[in-house]
Amino acid sequence: MISPISLDVPSPHTGTPRLSPTDISQFIRLEQCRRYLRLRLHERAAGNQFMTAYGVVPQSIPPLLTRSGAEFEQEIELAIPAQLHPHRVGENDKGSRADVNADVVAEAQRLEPGEVVVLFQPRLDVDVDGWRIRGDLDILRLERDTDGGLHALITDMKSSTAAKVEHRLQVAFYHEMLAALFVQNGVAVASIETAILYRGPAGGDAGLAGEEAEVAARERAAAMHSFGTDLGRMEHITDADTYIGAVRDLVTDGHSIAMQVVGMPFEEVPYHLTYKCDGCLYNEFCMKWSAEHDDLSLLPYLTEHEKSALRNTGITTTRQLAMLKEFAPPSNGGNSAPRDLIPARGQEVLARQLAGTWPIGPRLDELIHRARRYRKWKREPMEALNYIPSKGYGSLPFTDAEHNPNLVRIYVDAQHDYLNDRIYLLGALVVACERGVEQPERRHAIVRMTDGPPETAEAEERLFVDWITQTIAAVVALAAPDRDGRPSAPIHFIFFNSFEQRILLDGLARHFGAIFGATPLYDFLTQLAAFDSPVATFLDHEMRELKNFPMVCQSLQAVAEYLKFNWDTPEPYHEIFRTRLFDFWGKVDRPPVGADGQPLESPWYTSRARFNSQIPLEYAYATYRGATTELLQAFHHRRLEALEYVVHSFQG
């Protein structure tokens, strides 16, 4: 199947390609996805009509990120003192901005020795080595020293807890734009420096010690020196040449990555579907393109390197991979279920080649099992297993009347507020066994939420103390006595993934003193697990190792739904929490059809990348419609039940 539309991009040799520094910053954040860069270059050249023509829409930026960034920028602008002559250039009464190349040049030229001016959001549009680069500098500080030398400081404002690589690269682009503008207009400049002015950790610098405290104090002082405010921390980029070199490697050099991407046919531009895709503008485009082209990216847990290796041998679709091997006939004419794979007729040489190819070889049969399961899910008539054979046992403990008879399972779900870098919602479902069987009366859910955004350490501390106290009390009350009648039971924690355990442990570390003093935490955490199992299970790891689910995005919500879990009890959670959580199904417009005109496969596909299982933070801030605090906590309770439901699909 061919690409639905032309996605050509002009090169510096045939035209003037357009780009912005934020595009490259996003490119880095998306793990240097070349498909993203190609689509972005095409949109800059021709608009986003290609999305409409393909029946998809760009994914919007989460409103909380936009709002948080705007609020931080406004705080900084209002705090800069008048003696620095802060003002905006090129902005009309309605808040829209025009290019201000001439204004910036004029501001630099009119500065007298000893004078300083601070410009907010100047929009530059400059030719840099054959590329037309347009971008808004958050703050441009111009100063002429007493000897007449002009010094420029380009500062990007970020409402983040730390300065990141993509932030530094973004201001390196601004550096090259400003340097080119000054050269083109004959403005002599003594120095151009770059910096990141960021919000810093939630709660400020309280609790920092040692080197961390010294860095924080130095960066607050730098912000005060340059802008007369310590509302943020300012990182001067001391190795600017490294990032300027990266600008050339990525874009402006004749052999740059951008030049390579421009020169490729669209179908050959490499890409792969992973967690990063959740936050990409072209999320829907790539999911639909992958479905229509049966791309290898649709295979769960396939890595980018494995996909590349398969493509190098001529295997580009899931169907080709699925047909590489077939199930061996049952031995001795028996009726046992198929397990072993053997090369299909005519595929012996290729199968042998792939078996010795790194990194595919060790996983070849597993990948073929996954491809066959996916193709069967798409209604192709072929045998497939719903598990991965020869993977051994998982970490979930087994229980019966003789083995771990009074096991206590604790399902844990933690929700992270990334704006404040704290937890705002905690849940635990405690389920105790008696004589190896779960009893309805021996289960209890504890769901606790902060009163509002966890802007203070005290708010998060209260959440933890309350939640842990109630969870421990539930374990004590529900656990069946052991065989000797003693109140002792093995405990096993179950998280959906290691991220949730990490943010929980980070939160515990922040408040360990208060929690340790308020609860019997030590006894709880050192309680022995079942002797044959680790103390915790990460369900996503169990799924990867043991299950052969067919969909590429194996989030909690998707897996539970695939297993027929009813998400709409007691409320219609599908509809309430649809945005960015349950909006992952779609139908292809043109499914392949047979000679009789009937579809050859199911038209349903994963239409949006939703790898992440966290509840989008917008629901907690009431940014998305219909979500109240009560509904959010009830849904969190239902998530714990979904976690338990998925666990029951495994054998301990």
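Scroll up to find the structure this text is about.
Residue positions within a chain follow its written sequence, with the count starting from 1. Owing to the predicted nature of the model, reporting of local features is limited to residues with pLDDT of at least 70; listing and counting of side-chain atom pairs is limited to 80 or more, with chain, interface and lining totals taken over all residues. With hydrogens and water set aside, each side-chain value is computed from the structure's full complement of heavy atoms.

Draft legend 1. Inspection of a nonpolar patch on the surface at higher detail. Any residue with relative accessible area above 30% and no salt bridge may belong to a patch, with like charges joined within 9 Å and the nonpolar Val, Leu, Ile, Met, Phe, Trp and Tyr side chains within 5 Å. Surface accessibility in these figures is a Shrake-Rupley result with a 1.4 Å probe; residues are shielded only by whichever protein chains are displayed. The term salt bridge refers to a side-chain nitrogen of Lys or Arg lying within 4 Å of a carboxyl oxygen of Asp or Glu. A grouping of Ile61, Leu65 and Tyr418 is seen on the molecular surface, where their side chains present a nonpolar patch of about 290 Å² in accessible area. Runs of E in the DSSP output that reach at least two residues are strands. Runs of H or I that reach at least four are helices, and both are numbered from the N terminus. Secondary-structure assignment places Leu65 in helix α4 (residues 63-79). For the exposure calls, accessible area comes from a 1.4 Å probe over protein chains only, and a residue counts as buried if that area is under 20% of its type's maximum, exposed if over 50%, partly exposed in between. The exposure class of Leu65 is partly exposed, given its relative accessible area of 44%.

Draft legend 2. Summary view of the side chain of Asp138. Structurally, Asp138 is set in the loop between β5 (131-136) and β6 (139-144). Buried Asp138, no salt bridge; nearest opposite-charge side chain is Lys158, N-O distance 5.5 Å. Here a polar contact is taken to be a pair of N or O atoms separated by no more than 3.5 Å, where protein atoms must pair a possible hydrogen donor with a possible acceptor and residues adjacent in sequence count only if both atoms sit in side chains. In this structure the side chain of Asp138 is engaged in a polar contact, spanning 2.8 Å, whose partner is the backbone nitrogen of Met157. Once residues within four sequence positions are removed from consideration, Asp138 is found in contact with Glu73, Leu119, Phe120, Gln121, Thr155, Asp156 and Met157. Neither His nor the chain termini are counted; the positive set is Lys and Arg, and the negative set is Asp and Glu. We call two residues in contact whenever any of their non-hydrogen atoms come within 4.5 Å of each other.

Draft legend 3. Fine view of the packing of helix α1 (residues 21-29) against helix α6 (residues 165-184). Where α1 meets α6, the closest approach of the two axes is 8 Å, and the angle between their N-to-C directions is 155 degrees. If you check the angle between α1 and α6, you find them roughly antiparallel. Here α1 and α6 pass one another in a crossing that is right-handed. Mapping the contact onto sequence places Pro21, Thr22, Ile24, Ser25, Ile28 and Arg29 in α1 and Glu166, Leu169, Gln170, Phe173, Tyr174 and Met177 in α6. Gly is put with the polar residues, along with every residue not named as nonpolar or charged; the nonpolar set is Ala, Val, Leu, Ile, Met, Phe, Trp, Tyr, Cys and Pro, and the charged set is Asp, Glu, Lys and Arg. Here the contact of α1 with α6 is composed, by residue class, of seven nonpolar, three polar and two charged. To define axes, lines are fitted to C-alpha atoms, for helices over the stretch in contact only, and angles between the resulting N-to-C directions are given on a 0 to 180 degree scale. Working rule for angles: under 35 degrees goes down as roughly parallel, over 145 as roughly antiparallel, 65 to 115 as roughly perpendicular, anything else as oblique. The sense of a crossing depends on the near helix, which, turned anticlockwise from the far helix by less than a right angle, makes the crossing left-handed and, turned clockwise, makes it right-handed.

Draft legend 4. Examining unusual backbone geometry more closely. Omega for the bond connecting Trp358 with Pro359 falls within 30 degrees of zero, at 5 degrees, which places this linkage in the cis form. You can see Pro359 is positioned in the loop between α13 (348-355) and α14 (364-377). The linkage connecting Thr569 with the following residue, Pro570, adopts the cis geometry, with an omega of 0 degrees. Mapped onto the elements of the fold, Pro570 is located in the loop between α20 (556-562) and α21 (573-576). Positive phi, close to 75 degrees, is recorded for Arg379, a residue that is not glycine. For Arg379, a relative accessible area of 56% puts it in the exposed group.

Draft legend 5. Layout of the environment of Val247. On the secondary structure map, Val247 appears in helix α8 (residues 240-252). With a relative accessible area of 1%, Val247 lands in the buried category. Considering only alpha carbons, one finds Val247 and Phe499, 252 residues apart in sequence, at a separation of 33 Å. Aside from chain neighbours lying at most four places away, what touches Val247 is Leu169, Ala172, Phe173, Glu176 and Thr252.

Draft legend 6. Quick peek at α8. What α8 keeps buried is the set Ala240, Tyr243, Ile244, Val247, Leu250, Val251 and Thr252. Seen end-on, α8 carries its buried residues on one side only, within an arc spanning 130 degrees. Opposite the buried face of α8, at more than 90 degrees from it, the exposed residues are Asp241, Thr242 and Asp249. Directions drawn from the helix axis to the C-beta atoms are what define this arc.

Draft legend 7. The nonpolar core, seen in detail. Ranked by internal contacts, the top residues of the largest apolar core, which has 98 residues, are Leu142, Leu178, Phe285 and Leu321. In terms of residue count, α6 provides more of this core than any other element does, ten residues in total. Setting aside anything within four residues of it in sequence, one finds Phe285 in contact with Leu7, Arg35, Leu39, Phe50, Met51, Tyr54, Val56 and Phe266. Put simply, buried Ala, Val, Leu, Ile, Met, Phe, Trp, Tyr and Cys residues joined by side-chain atoms within 4.5 Å make one nonpolar core.

Draft legend 8. Here's a closer look at the pattern of salt bridges. Tallied over the full model, the rule gives 39 salt bridges. Between Arg44 and Asp23 there is a salt bridge, with the nearest N and O atoms lying 2.9 Å from each other. Of this pair, Arg44 sits in helix α2 (residues 34-46) while Asp23 sits in helix α1; the two residues are 21 residues apart in sequence, bridging distant segments of the chain. Here Arg435 makes a salt bridge to Glu434, at a shortest N to O gap of 3.5 Å.

Draft legend 9. Structural detail: the sheet that holds strand β15 (residues 491-495). A pair of strands counts as paired when DSSP detects no fewer than two bridges linking them. Sheet architecture is open: five strands sit in the order β14-β13-β12-β15-β16, paired in mixed fashion. For this open sheet the edge positions go to β14 (437-449) and β16 (536-538), each flanked by a neighbour on one side alone. Adjacent strand axes in the sheet meet at a mean angle of 20 degrees, parallel and antiparallel pairs treated alike. By the bridge criterion, ten bridges tie strand β12 (residues 408-417) to strand β13 (residues 422-434) in an arrangement that is antiparallel. Each residue of the ladder has a partner; that of Gln415, found in β13, is Leu425. Packing against the sheet, helix α19 (residues 539-546) makes contact with β15 and β16, and its axis sits at approximately 60 degrees to β16.

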